[in-house]
Amino acid sequence: MSHSRKRIALPSMTPGTGRSFAVHRFGKAGARPKAYLQAAIHANELPGAMALHHLLPMLVEAERRGRIKGEIVVVPVVNPIGLSQLVGNNHLGRYDFLGRDNFNRNWHDLSDAVAKRVGGRLGRNAGENVALIRQAALAALTAMKPSNELQTLRAEVMKLSVDADVVLDLHCDMHAVLHLFISRRDWPGGAQALAADLGAQATLYNDPYPDALTFSGVNGALWARLAERFPKANIPRACLSATVEYRGQHDVTHALGESDAKNLYRFLVRRGLISGRAGKPPRLKAEATPIGGMDVGYSPKSGILTYHLERGARVRKGEAVCEVIDPMDARGPKARTQVIARTDGILFSRKPNGRLAWPGMVLFRIAGAKRLAHRKGMSGLDD
Ligand SMILES: [Zn+2]
């Protein structure tokens with residue numbers, strides 16, 4: 001087998017236009033393990049696409065040398081709809097202009113469809129269950145009749161990912177250090193090696209899995225949802241799925257792309273996708289912490305935003321992280337409102353200096369080990 005590249009066309013939404021996305025495949029179709037990697041579902045988040053730009057030639061070379069043992073599917077930019085959303089010299093790629101959906105929500109939870117198809121046949125044999133569930137999930141996606149471009153994109157992309165052993169969804173934040181979102185049950189499991197190999201400075205876990213139907217969420221949670229539903233059947237966690245936040249939107253350089261690609265490659269070797277020696281994982285930079293321990297700073301008012309602390313800083317509870325300045329107020333320092341950390345932890349994400357803040361806007365996030373009473377679910381992820 002050799003590297004193949006295919007285009008998947010989406011239905012045209014307006015006369016004279018049509019979009020598609022490219023899928024790169026390595027290894028033999030059906031070989032195990034299978035990894036699926038994609039970038040830029042939020043279409044204006046391109047650091048992951050830069051990492052894949054450097055990873056793809058490495059995979060081409062590995063294939064040429066016969067080193068791909070499993071199957072690797074790479075979609076370097078997965079969202080042509082979002083890529084096309086240019087407005088007044090700005091590229092807006094987070095929300096769909098047509099339905100105003102966040103592109104990384106409303107992915108398909110296939111647990112009902114799988115339960116209906118094969119629920120009665122799930123038994124004690126884990127391997128058989130995995131095969132049955134994957135077949136049923138693919139059949140459910142094939143049976144869908146998407147009515148528009150975005151729905152088609154969601155079904156077509158999940159056909160590539162839903163039977164994978166590893167799913168990595170590459171995103172970025174606005175001004176952040178490299179961090180991961182995972183499921184509690186994958187830690188330490190496969191996710192600790194992922195965090196170490198990628199050099200994550202924070203890893204946040206949903207317990208047991210995210211409520212919001214994010215892309216990496218639905219792929220990983222399918223197994224947990226079915227295991228809850230069929231407690232007597234032996235249903236393993238057959239998919240390690242993670243959202244990888246490759247720092248901030250402007251952290252796109254060849255140096256970063258190259259080192260991120262090398263780290264992804266080493267992880268693929270470690271997971272048995274590619275032959276070779278991964279060696280000992282690099283030192284883990286941060287223990288995983290619960291989403292419920294993530295302090296989110298919200299703006300109390302409108303004004304000019306400026307920060308006291310850099311991304312990645314260790315913060316103490318009570319410390320001022322940033323301030324919102326009322327530009328219409330002449331009282332100097334009295335016109336500045338401090339926004340305070342409510343936990344000890346790592347300031348893994350913030351906004352750039354100089355943004356306009358508005359009431360309720362997310363200003364920063366801190367990964368703390370202690371669950372916080374004021375936190376609930378996924379809130380604070382800039383829905
Ligand atoms: Zn994103």
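Residues numbered from 1 in each chain as written. Predicted model: local features only at pLDDT ≥ 70, side-chain atom pairs only at ≥ 80, totals over all residues. Heavy atoms only, no water.

Q: Please explain the sheet that holds strand E2 (residues 20–27) as it appears in this structure.
A: Hydrogen bonds along the backbone pair up the strands of a sheet, which may run parallel or antiparallel. With mixed pairing, nine strands are arranged side by side in an open sheet as E1-E2-E4-E3-E7-E11-E9-E10-E12. In this open sheet, the two edge strands, each paired with only one partner strand, are strand E1 (4–9) and strand E12 (288–290). For this sheet the average axis-to-axis angle between neighbouring strands, irrespective of direction, equals 25°. In the sheet, strand E10 (residues 202–206) pairs with E12 via three bridges, with the strands oriented parallel. Counted as the bridge partner of Leu-204 is Thr-289 from E12. Packed on one face of the sheet, helix H8 (residues 254–270) meets strand E3 (34–39), strand E4 (71–75), strand E7 (166–173) and strand E11 (240–248) and runs near 165° to E11. (Pairing = 2+ DSSP bridges. Helix = DSSP H or I, 4+ residues; strand = E, 2+ residues; numbered from the N terminus. Axes fitted to C-alpha atoms, helices over the stretch in contact; angles between N-to-C directions. Contact = heavy atoms within 4.5 Å.)

Q: Help me understand the packing of helix H4 (residues 126–143) against helix H5 (residues 149–161) in this model?
A: Two packed helices can be described by the angle between their axes and the distance between those axes. Where H4 meets H5, the axes come as close as 9 Å, and the angle between the chain directions of the two elements is 160°. By the angle class used here, H4 and H5 are roughly antiparallel. For the crossing formed where H4 meets H5, the hand is left-handed. In contact with Leu-138, Leu-141 and Thr-142 of H4, H5 contributes Ala-155, Met-158 and Lys-159. Residue composition of the contact of H4 with H5, grouped by class: four nonpolar, one polar and one charged. (Parallel < 35°, antiparallel > 145°, perpendicular 65-115°, else oblique. Left-handed = near helix turned anticlockwise from the far one by under 90°. Nonpolar A, V, L, I, M, F, W, Y, C, P; charged D, E, K, R; others polar.)

Q: Looking at this structure, I do not really get the pairing of strand E18 (residues 345–350). What am I missing?
A: Two faces, one strand: in a regular strand the side chains alternate between the faces of the sheet. With six of six residues buried, E18 lies mostly within the body of the structure. Inspection of the sheet shows strand E8 (residues 175–176) paired to E18 by two bridges, in the antiparallel sense. Among the inter-strand pairings, Ala-176 is bridged to a residue of E18, identified as Ser-349. Strand direction decides the pairing type here: E18 and strand E20 (residues 362–367), joined by four bridges, are antiparallel. Along E20, the bridge assignment pairs Arg-350 with Phe-364. (Buried < 20%, exposed > 50% of the residue type's maximum accessible area, 1.4 Å probe, protein only.)

Q: Hey, could you run me through the coordination of the zinc ion in this one?
A: Geometry reference: four tetrahedral donors at a metal, ideal angle 109.5 degrees. Six octahedral donors, ideal angles 90 or 180 degrees. Here the zinc ion is held by the protein donor atoms His-42 (ND1), Glu-45 (OE), Glu-45 (OE) and His-171 (ND1), which lie 2.0 to 2.6 Å from it. One can describe the site at the zinc ion as irregular: its four donor atoms subtend angles covering 54 to 147° at the metal. Taken in chain order, the donor set of the zinc ion reads H-x2-E-x125-H. With Glu-45 in the loop between E3 and helix H1 (47–64) and His-171 in strand E7, this pair connects stretches of sequence that are 126 residues apart. Overall, the relative accessible area of 2% leaves His-171 in the buried class. (Donors = N, O, S within 2.8 Å, 3.2 Å for Na, K, Ca; no water. Tetrahedral: all angles 85-135°; square planar, octahedral: opposite > 155°, others 65-115°.)

Q: I keep staring at the sheet that holds strand E19 (residues 356–357) and nothing clicks. Help me out?
A: Strand order in the open sheet formed by four strands is E17-E16-E14-E19, with antiparallel pairing between adjacent strands. Edge positions in the open sheet fall to strand E17 (336–340) and E19, since each of these has one partner strand only. Examined bridge by bridge, strand E16 (residues 320–325) and E17 share five bridges and lie antiparallel to one another. Note on E17: the bridge partner recorded for Val-324 is Thr-337.

Q: I'm lost on the pairing of E7 in this one. Help?
A: Across the eight residues of E7, eight count as buried, placing the element largely inside the fold. Judged by which residues are buried, E7 turns out to be covered on both faces: Val-166, Leu-168, Leu-170 and Cys-172 on one side and Val-167, Asp-169, His-171 and Asp-173 on the other are all buried. Taken together, the seven bridges between E7 and E11 define a ladder with parallel strand orientation. Within the sheet, the bridge partner assigned to His-171 lies in E11 and is Glu-245.

Q: Before we go on, may I ask you to explain the packing of H4 against helix H7 (residues 215–229) in this structure?
A: Two elements in contact, H4 and H7, have axes separated by 12 Å at closest approach and are oriented at 115°. Crossing of H4 over H7 shows right-handed handedness. Across from Val-130, Ile-133, Arg-134 and Ala-137 in H4, the residues of H7 making contact are Leu-222, Trp-223 and Leu-226.

Q: I would appreciate a short explanation of a nonpolar patch on the surface in the present structure.
A: On the surface, Leu-46, Leu-83 and Val-252 cluster together into a nonpolar patch covering about 200 Å² of accessible area. Relative to the helices and strands, Leu-46 is located in the loop between E3 and H1. (Patch = residues over 30% accessible without salt bridge, like charges linked within 9 Å, V, L, I, M, F, W, Y side chains within 5 Å. Areas by Shrake-Rupley, 256 points an atom, 1.4 Å probe, with all protein chains shown as cover. Salt bridge = Lys/Arg side-chain N within 4 Å of Asp/Glu carboxyl O.)

Q: Could you clarify how one ought to interpret the side chain of Asp-186 in this entry?
A: The topology assignment puts Asp-186 in the loop between strand E9 (179–183) and helix H6 (191–198). We classify Asp-186 as buried; its relative accessible area is 6%. Setting aside its immediate chain neighbours within four residues, Asp-186 contacts Ala-191, Gln-192, Arg-237, Cys-239, Leu-240 and Ser-241.

Q: Can you help me understand the nonpolar core in this one?
A: Core analysis: the largest hydrophobic core is formed by 44 residues, its most contacted members being Leu-37, Leu-59, Ile-72, Leu-168, Leu-180, Leu-264 and Ile-274. Sorting the residues of this core by element identifies E3, H1, E4, E7, E9, H6, E11 and H8 as the ones contributing at least two each. Per-element tally for this core: the top contributor is H1, with seven residues. With residues up to four places along the chain from it excluded, the contact list for Leu-37 reads Leu-52, Leu-55, Ile-72, Val-73, Val-74, Val-75, Leu-168, Leu-264 and Leu-268. Among the nonpolar cores identified, the runner-up in size contains 41 residues, and Ile-8, Leu-10, Val-23 and Leu-141 belong to it. (Core = buried A, V, L, I, M, F, W, Y, C linked by side-chain atoms within 4.5 Å.)

Q: Looking at this model, I keep getting lost on the domain arrangement of the protein. Mind explaining?
A: It is common to give the size of an interface as the accessible area lost on bringing the parts into contact. The assigned domain composition of the protein is domain 1 (4–286) and domain 2 (292–367). For domain 1 and domain 2, the distance between their C-alpha centres works out to 32 Å. Each partner contributes to the interface: domain 1 provides twelve residues, whereas domain 2 provides 13 residues. Together, the buried faces of domain 1 and domain 2 total about 1,100 Å²; carbon and sulfur atoms form 62% of this surface. The three residues of domain 1 that bury the most area against domain 2 are Met-174, His-175 and Leu-204, which together make up 52% of that side's buried surface. If you look at where domain 1 meets domain 2, you find two salt bridges. We note a salt bridge from Asp-173 to Arg-365, for which the minimum N-O separation is 3.0 Å. For the pair domain 1 and domain 2, the interface holds seven residue pairs in polar contact (both at pLDDT 80 or more). Those elements giving two or more residues to the side of domain 1 that touches domain 2 turn out to be E8, E10 and E11. Split into classes, the residues belonging to the side of domain 1 that touches domain 2 amount to five nonpolar, four polar and three charged. (Domains from an automatic or database assignment. Buried area = accessible area lost by both parts, 1.4 Å probe. Polar contact = N/O pair within 3.5 Å; in protein donor to acceptor, adjacent residues only side chain to side chain.)

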